[in-house]
Amino acid sequence: MRPSTLRALKRAAELTRQNRLTEAVLIAEPVILAADSYEGDEILRWLAEHVTDFTGEDLKETP
């Protein structure tokens, strides 16, 4: 993933945690839409692995 894409996703996560969802989408959407299929797959994996970056919650599995 390009460094600029990663920076945008991290910034979007930060804004989401601050309840600034509109700003987060404005930052993340262009880089997601501009991604080719390879980078798009990397973005999807990163998002799945970093859900708590957006929610600020520790999502631990309960037995």
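Everything below is about the structure printed above this text.
The notes below deal with the structure included here. Along each chain, the written sequence defines residue order, and numbers are assigned to residues from 1. Whole-chain, interface and lining totals are the exception, using all residues; otherwise, since this is a predicted model, local features are given only for residues with pLDDT of at least 70 and side-chain atom pairs are given and counted only at 80 or more. Excluded from the side-chain calculation are hydrogens and water; included are all heavy atoms of the structure.

Aromatic rings from Phe, Tyr and Trp, with only the six-membered ring used for Trp, were paired whenever their centres fell within 6.5 Å, and each pair was classed as stacked if the ring planes differed by under 30 degrees, edge-to-face if by over 60, and tilted otherwise. For the coordinates displayed, the defined rule picks out 1 aromatic pair. Both rings, one in Trp46 and one in Phe54, keep their centres 6.3 Å apart while their planes meet at 80°; by these two values the pair is edge-to-face.

For Arg2, the position within the fold is in the segment before helix H1 (3-17). Only protein chains enter the area calculation, which uses a 1.4 Å probe; residues under 20% of their type maximum are buried, those over 50% are exposed, and those in between are partly exposed. Exposure remark for Arg2: the relative accessible area of 41% places this residue in the partly exposed category. In sequence terms Arg2 and Gly56 are 54 residues apart; their C-alpha atoms lie 24 Å from each other. The way it works is that DSSP assigns letters per residue, a run of H or I at least four long becomes a helix, a run of E at least two long becomes a strand, and they are numbered from the N terminus.

An α-helical segment advances 3.6 residues per turn. Residues three or four places apart therefore align on the same side. In this model helix H3 (residues 37-49) runs 18 Å from its N-terminal to its C-terminal C-alpha over 13 residues, within 8% of the 18 Å that 1.5 Å per residue would give. The backbone nitrogen of Tyr38 lies 3.2 Å from a side-chain oxygen of the residue at the head of H3, namely Asp36. What a helix is expected to span follows from its residue count: subtract one and scale by 1.5 Å. A 3.5 Å cut-off defines polar contacts: any pair of N or O atoms within that distance qualifies, except that in protein one atom must be a possible hydrogen donor and the other a possible acceptor, and neighbouring residues in sequence count only when both atoms are side-chain atoms.

This is a description of form; function is not addressed.
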